[in-house]
Amino acid sequence: MSTKILVSVIACLIACGSISCNENTSDEKSKNSDPVNTFFDDEKFPVDQPCFQGAYYRKAVSSKDVWLGIGGTVVLPEIIFDENRKNPAKPGQYLDNPSVYLGGNMGGQETDIGLTWEVVKENGVVSQERKAFRPFMRRTSHPSGQSANYSNAPAEDKYYWYPGEEVNISIQIVENGKLKFIVEGAGKRFETDYECAGYKQGNIGEFKRVNAIDQVANEGKPAQATGTIVKDSQWKESYLFRLYEGNVVKAPMHEGRFTDMRCPDGMYFSITASDEEMKKGSELITINGNGF
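Structure report, in brief. Note that the coordinates shown come from a computational prediction; the quantities given were computed from them, not determined experimentally.

With that settled, consider the pattern of salt bridges. What the rule picks out here adds up to 23 salt bridges. For Arg257, the salt bridge is made with Glu43, and the minimal N-O distance between the two is 2.9 Å. With Arg257 in the loop between β13 (247-252) and β14 (258-263) and Glu43 in the loop between α2 (27-30) and β1 (55-62), this pair connects stretches of sequence that are 214 residues apart. Of the two residues examined, Arg257 and Glu43, each falls in the buried class. The shortest N-O distance in the salt bridge between Lys180 and Asp193 comes to 2.9 Å. Of the two residues, Lys180 sits in strand β9 (residues 178-185) while Asp193 sits in strand β10 (residues 188-195), which places them 13 residues apart along the sequence. Taking relative accessible area as the criterion, Asp193 reaches 37% and is therefore assigned partly exposed. The structure contains a network of salt bridges with shared partners spanning Arg58, Arg209, Asp260, Arg262 and Glu283.

Here the focus is unusual backbone geometry. The omega torsion across Cys263 and Pro264 is 5°, close enough to zero to call that bond cis. Structurally, Pro264 can be placed in the loop between β14 and β15 (269-272). Despite not being glycine, Ala217 has its phi angle at roughly 55°, a positive value. Structurally, the position occupied by Ala217 is in the loop between β11 (205-215) and β12 (229-244). Judged by relative accessible area, which is 68%, Ala217 ranks as exposed.

Bringing the packing of aromatic side chains into the picture now. Between two aromatic rings, the relevant description is the distance of the centres plus the angle of the planes. In the structure shown here, the tally under the stated rule is 12 aromatic pairs. Their ring planes at 70° and their centres at 5.8 Å tell us that Phe181 and Phe190 sit as a pair that is edge-to-face. Each member of the aromatic cluster is reached from another via a ring pair, and the members are Phe40, Trp67 and Tyr244. A cation sits over an aromatic face here: Arg139 above Tyr194, 5.6 Å from the ring centre.

Here we take up the state of the cysteines. Under the counting rule described, the total for this entry stands at one disulfide. Residue pairing for Cys51: its cysteine sulfur links by disulfide to Cys263, the two sulfurs lying 2.0 Å apart. Across the S-S bond linking Cys51 and Cys263, the dihedral sits near -75°, which makes this disulfide left-handed. In this pair, Cys51 is assigned in the loop between α2 and β1 and Cys263 in strand β14, connecting sequence segments 212 residues apart. A relative accessible area of 40% places Cys51 in the partly exposed class.

Here is what the cut-offs are and how they apply
- Residues numbered from 1 in each chain as written.
- Predicted model: local features only at pLDDT ≥ 70, side-chain atom pairs only at ≥ 80, totals over all residues.
- Heavy atoms only, no water.
- Salt bridge = Lys/Arg side-chain N within 4 Å of Asp/Glu carboxyl O.
- Helix = DSSP H or I, 4+ residues; strand = E, 2+ residues; numbered from the N terminus.
- Buried < 20%, exposed > 50% of the residue type's maximum accessible area, 1.4 Å probe, protein only.
- Phe/Tyr/Trp six-rings, centres within 6.5 Å; stacked < 30°, edge-to-face > 60°.
- Lys NZ or Arg CZ within 6 Å of the ring centre and 35° of its normal.
- Disulfide = S-S within 2.5 Å.

As structure tokens, this is what we get:
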């Protein structure tokens, strides 16, 4: 059998789920009829990526395509801190810091945008302890001259979220060089436009969702031993924004659409999902510095 015919047969098996397809099916008929829930024709499958040192994190990095962003619904994790890892420079704080966020890489610019465990204001006074998840935005510099940036949502009650709360979170390219960031849930909402020069409609890029135990002043260094546990964060769904047939659609971030990263080692993660949950980008995540 020629290579061309063999490829046609394999395509039939995938598309039809059986061997009853005609090997001579036309290109038009053999095209994927549901690319939103499976794969788009030009979608570049995800590949293995190296871990970046400095934290414990579960990252799902998408395939490469003309994505417009990423979103999902997530239950924020419960936190059990390692009492031996208190920050000597900041009383009441720890050297471990949980975060749940999105982000991407497009046009040579990396972004991290989501929720991190932060200080709050109480009666106008900034707390010594970190007490709530608060929106943050971070970008690297860009060849256009745009500088690197880090910023937070204002320290106000309406922008604080807590363990166990369910939120909808998304970032989406709304015009060239601009991402719209929305967090909404538990009766609260934060929305802002964030300038990111590398993000342009129609450009190839990748997006990610991350659950992490970040570590203070440890970026680029080996993850430090810790007993901190960040448990039971559940992504009920996750999806990628894309233009399809003239409309912006939500393409499920199913298991075939992302690279599964568990850094620095898989032993620190418990990740569970049924077959049906995996089809919609759903999973339950616990990170345990002591391992499993």
